Structure formats: C-alpha cells, structure tokens
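As a plain string of letters, each chain reads:
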Amino acid sequence: MMFLKGKFQLQQLPAHYLQAAINGVIPQENGILQSDYGGETIPGPAFDPTSHPASAPTPSSSSAFRPVMPSRQIVERQPRMLDFRVEYRDRNVDVVLEDSCTVGEIKQILENELQIPVSKMLLKGWKTGDVEDSTVLKSLHLPKNNSLYVLTPDLPPPSSSSHAGALQESLNQNFMLIITHREVQREYNLNFSGSSTIQEVKRNVYDLTSIPVRHQLWEGWPASATDDSMCLAESGLSYPCHRLTVGRRSSPAQTREQSEEQSTDVHMVSDSDGDDFEDASEFGVDDGEVFGMASSALRKSPMMPENAENEGDALLQFTAEFSSRYGDCHPVFFIGSLEAAFQEAFYVKARDRKLLAIYLHHDESVLTNVFCSQMLCAESIVSYLSQNFITWAWDLTKDANRARFLTMCNRHFGSVVAQTIRTQKTDQFPLFLIIMGKRSSNEVLNVIQGNTTVDELMMRLMAAMEIFTAQQQEDIKDEDEREARENVKREQDEAYRLSLEADRAKREAHEREMAEQFRLEQIRKEQEEEREAIRLSLEQALPPEPKEENAEPVSKLRIRTPSGEFLERRFLASNKLQIVFDFVASKGFPWDEFKLLSTFPRRDVTQLDPNKSLLEVKLFPQETLFLEAKE
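Sequence positions are assigned chain by chain, starting from 1 and proceeding in written order. This being a predicted model, a pLDDT of at least 70 is required before a residue's local features are given, and a value of 80 or more before pairs of side-chain atoms are given or counted; all residues contribute to the totals for chains, interfaces and linings. Derived side-chain values reflect all non-hydrogen atoms in the structure, with water molecules and hydrogen atoms excluded from consideration.

- By the naming in an unreviewed UniProt entry, the chain goes by Fas associated factor 1 and is assigned to Lynx canadensis.

### A look at the overall build of the chain
Logical step 1: For the chain, the helix and strand inventory stands at 14 helices and 19 strands.
Logical step 2: Throughout, exposure labels follow a simple rule: accessible area from a 1.4 Å probe, protein chains only, divided by the maximum for the residue type, with under 20% read as buried, over 50% as exposed, and the rest as partly exposed. Looking at the chain as a whole, 39% of its 631 residues are labelled buried.
Logical step 3: Working rule for contacts: check all heavy atoms of both residues, and any pair within 4.5 Å makes them a contact. Sequence separation of 24 or more characterises 67% of the internal contacts of the chain that already satisfy a separation of 6 or more.
Logical step 4: On the chain, roughly 36,200 Å² of surface is accessible, and the fraction owed to carbon and sulfur atoms is 50%. Each helix is a run of DSSP H or I of at least 4 residues and each strand a run of E of at least 2, with the numbering of both proceeding from the N terminus. Per-residue and other accessible areas follow the Shrake-Rupley method at a 1.4 Å probe size, with only the shown protein chains counted as cover for residues.

### Side note on the packing of helix α13 (residues 454–541) against helix α14 (residues 577–586)
Logical step 1: Orientation is described by lines fitted to C-alpha atoms, with helices fitted over the stretch in contact, and by angles between N-to-C directions that extend from 0 to 180 degrees. One can describe the packing of α13 onto α14 by two numbers: an axis separation of 8 Å at closest approach and a directional angle of 135°. Regarding the angle of α13 to α14, the classification is oblique. For the element pair α13 and α14, the recorded crossing hand is left-handed. Here R535, L538 and E539 of α13 come into contact with α14, specifically with D582, A585 and S586.
Logical step 2: Here the contact of α13 with α14 is composed, by residue class, of two nonpolar, one polar and three charged. Angles below 35 degrees are treated as roughly parallel, those above 145 as roughly antiparallel, those between 65 and 115 as roughly perpendicular, and all remaining angles as oblique. For any helix crossing, the convention is left-handed if the near helix is rotated counterclockwise from the far helix by under a right angle, and right-handed if that rotation is clockwise. Residue type decides the class: Asp, Glu, Lys and Arg count as charged, Ala, Val, Leu, Ile, Met, Phe, Trp, Tyr, Cys and Pro as nonpolar, and the leftover types, Gly among them, as polar.

### Topic: the pairing of strand β19 (residues 622–629)
Logical step 1: Only strands joined by at least two bridges in the DSSP assignment are considered to pair. Pairing between strand β15 (residues 554–560) and β19: five bridges, direction parallel. Following the sheet pairing, L557 is matched in β19 by E623.
Logical step 2: When strand β17 (residues 594–598) meets β19, the two strands line up antiparallel, connected through five bridges. When the sheet's bridge partners are listed, F594 is paired in β19 with A629.

### Details of the pairing of strand β16 (residues 566–572)
Logical step 1: Where β15 meets β16, seven bridges bridge the pair, whose relative direction is antiparallel. From the neighbouring strand, S555 faces β16, where its bridge partner is F571.
Logical step 2: Linkage of β15 to β16, two consecutive antiparallel strands, is achieved through a turn of five residues, within which G564 is found at a positive phi near 100°.

### Quick word on the side chain of S323
Logical step 1: Counting through the fold element by element, S323 comes out in helix α7 (residues 311–326).
Logical step 2: Take S323: its relative accessible area is 18%, and that puts it in the buried class.
Logical step 3: Under the rule applied, a polar contact is a pair of N or O atoms within 3.5 Å (in protein, one hydrogen donor and one hydrogen acceptor; residues adjacent in sequence only if both atoms are side-chain atoms). Within the local environment of S323, its side chain forms a polar contact with the side chain of H330, the two groups lying 2.8 Å apart.
Logical step 4: Not counting residues within four places of it along the chain, the set of residues in contact with S323 comprises D328 and H330.

Right, dumping it as structure tokens:
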C-alpha cells in the first residue's frame, strides 16, 4: 500500500472514516463495506476535508483523495452473488453462488453438470493459487465475474479408436514450445507433455507474460487447433519443437472493465515523481499485503518457473524478475546448479574459497518485500556479499520448487537441515542460509530469517566470516604444508626421473658403442679373411723358387719389412716384377698398401712397370729392398 507524501497527513479519525476509505479501495457489490461484527454497516458522517484542515492538500498539489462513502442509514447485509464461468475441454459451465459458499460447493455443482467425481477434479484459475475445498469464497476477495477451469489428470482424454495407438504414443511425448512474446521480444522455451491442453499452455503463458487468456493474440497454432480443450498431441503441432508468437489483444470490453474499476476505486492524481511516495512499512503495513490481499496477488509473474528442467534457466528468470521488482542493485546470484555453486565456493584453493549464501525466496510471506528492498538490496550488504560470498537463490513459493530444493538440501546438508527448512512457516521467510565447506561435509553456519534489520544482517554475516576466516587460515596452512611436501616429492621424483634417463642414455650409448665395435670387428674379420684368401691365392700362383745352381740367371732379393724382419727369395732374372709384388703380397703386404723401395739409388720400385723383368729393372743379381706403408 502506497500513501501520498506531502499531499495530506493521517490523523486519528473515527473508525467509520477509515472504513469508508477502505470501502473505496476494495469496492463491494453494493458500495458498502461489510462489518466483521454482524450484519450491519458502520454509519458515520460524510468525510469533509474542509472540516479537517490538517489533512487538506496544499494549493500546489494536484492530488485528490475521493473515497466512496457509505450511506448514513443502517442497512442490513445483502448476500453478494459471484458469477463463475468454468471451462472443461469443449464445455463451459456457468455457476452463480453467494460469497458465503465454499469451493467444495462449486465442485459439487460441477460434478452434476460434468459427470466427473469430485475426487478426480482439480479446480484451477484462482488468483491466490490452489485453495482448499473448505475455503469460503468471501475470504478470497473475488470480483463479481470469475473464470476457472477444470483439470482431470487421472481421466484419459477422449480419443478415436482408429488412431488410438498413435495418439497414445503422442500423449507420452514431450513438446518443446518456443514462444515469443511480441511486445517485449522475449523468447520462452517451455516443455509440455502431449496430454497437456492448449488451455494449460495459455494459462502458463499468462503466468509468464501477465497477458490474460482472453487478451492473448496467438500466431503459429495449426489450423486443426480450434478448441482450447484439445490436447497438444492431437492439435497438429510439429514434433518435437514448434514455434508460436503471442501478443496482447486490445479489447473494448477490457477498456470498459478498467473504467468501471477505476470509477469505484480511490483516485490518486499526482504530477510528481516517485519520490513523493513512502513505503507503507512506515505505517506498520507491509508492501506485499494491502487490506488483507496477499502479496502474490499483486505480482504478475512468478520469480521462478515451476518444474524447470534446468536450474540455470530458472535462476536466469529469478534474477531478471528480482531486478524488475527491486532494481539492479542486488546481490549477484550465481547462475547454475547448487552443485556448481559448491564447486565455485569450496572446491578451489584455500585462498580462493568463499562462503556460500543461499537465499530462499517466498512470495507469500509478508516479510519478503521489505527484506528484499531494504536489506538484501542495501549497498553495504550487496558489496559485502559480492566480496566474500557466492550467492545462490531459489524460490519456494511453488510446491514443486519447494520439494525440489528440500531434496537437494537433504542430499547436501542432511535430513536435519532439510527438516528445519520444511518446518519453517511462510511468515518466517525469506531465509538466508550461510554454508561453509569442510573436508568431509558442508556445514550450515547460520540460518537468518526475514524478520531482521540491515545492521543485524551485517553483524551475522560478519560473524560467519570470522568463523570462516579462522577455518580458512588453518586450511591455507595445511594446504601450504601439503604443497611443500608435494613439491619436495615432485623434486625427488624429477631427480629420480633424470637419473633414470641418464642411466638409460649411458646404457643406450654403451650398447651403440658395442654394436659399432662388433660391426667394425665383423668388417675387419671380413677384410682379413678376404686378404687371407688373396694371399693364399697369390701364394699358390707364385712360380717355384729356383735353386741357387740353375742354368738360367738367378736374382736373389732380400726385402726388409716395417717390423725389421727380412724376407729372402730367389727369382729368375727373367721373371716379371709383378711376381715380386705377388710374393710380397702373399706375405701380407699388398702392393696397393705398401711401396717397395730400393736403397742405392733410392727409388720406388712399385712405380716401375710390373711387366718388365728383374733384369730390366736392374734387380739382378741381388738386391736389398725395404717395405714402407703408403700414406
């Protein structure tokens, strides 16, 4: 509830004045506010601003406060009649009841009309969420005209026998609907089962876009989708993905309804900006609750979609909706699963670890709006959280999301913490859980409820940081010691590895050397064998040595080897010089490696023509020669 600031001031007025003002805010059927103490109205004089100068507006103000006043006469309470149009598949049922009836009586009427047992019937479309059968209609503060719809998840939809098998298979499939909101150019990816109806899709879109079903203008539905009660499996949608576009349809009837509502409401006209308004919390009234209306009824879209498959997508919507409600100055919510938030906060080096703050939101709590706007979005809190915490959020307004978080809580923190959160009453929300990661488990340091102040919230955050800092210092010390041990071990392992590599290199070098020696030895042996074979062949080819007394002239040669030994042999003077070379080679001195020299005169005999005779080269009758290795 917002009050004008600087326009008029509240005074201690008689109770009937306040009742009259409330009657203007919440118009009744007959324009008279009903009393809770009987069937009478509270009479009183008409509210005359001139009789209360303290509350009169200043001349510079353009605002006016014009409540609808009750009659001066005492009138008996007349029952207020409510009209309901209930949709079920291809049928519409009109129900008219007094506001003193219960929701269960509506279901009994529908049971007779639709032939559906009450136990199989889900009555949806209430502005305040699901209600009990015993709920009195008056307590819901309903307008005169209402639209509801019936779901029967336990009853199979009608199907044709000719394609019953294919239709049954389609009913078990999931359709991905990519829906574009035309006005804001935003795209939603929604999963629906084949058994969901078109009406359910449109009502889900209403939750996301705040466009009522009757004002939705669609593009992209197949031509066969002519009835909102038709299930998606038989509507002709493209499987597995289908694109649709939705926008708002301008309706004259809607314009007339808005005009009628404004005519019975309290008018506040102002040419000033938003600074002229004060938060209703200053008057002891929460922003989220105005004259008994729940805060969820004032909000158009949920903080988080129900049954979201991906936690990251759910938190993206949560962050966007949080910003739209409370502004851009808010904690940076971690986008990802709770496990990913654990990894970011705990499973890093000790110096980089942070505390994990889990914010649990609940739209039905009267504390939520004040906690978010005045405490969670305070600059000091935002700055402190961003420096020292990883902040993760979840919305517990929907039962499915609440059950999902309790499952995660039981898995990560244990049943005690899960039971603690499960037993929290709605008015105790929102909650702020401070989690510290430990070696074996995650410890919940603190559970902060919504009924706190900025200073108290900061003190509890700082107290949690002191505990965390002490633990972090121990972890850093242990981690440094562990890293030092690991460094020593790594150095030892590296030295050992280098030693092994050096030994392996030496062994490989020795093996290569041995292999080379073996190869050279083989070559040498082969060469020696070859030489020996040549020597033997030359030795066998030599002519026999002539005797000293021979009819032919004989030349006696004495040859000195490099080792100092002498080789002596007789040759015929007519023998060719080549025979001398062969003789020397047969003794292991091939003439291509050694040269044969004479002393006086000194000459290289190997340079002479080997085909000449010893007599011709003047090696007759005797000569002393010596062998010398060629360079």
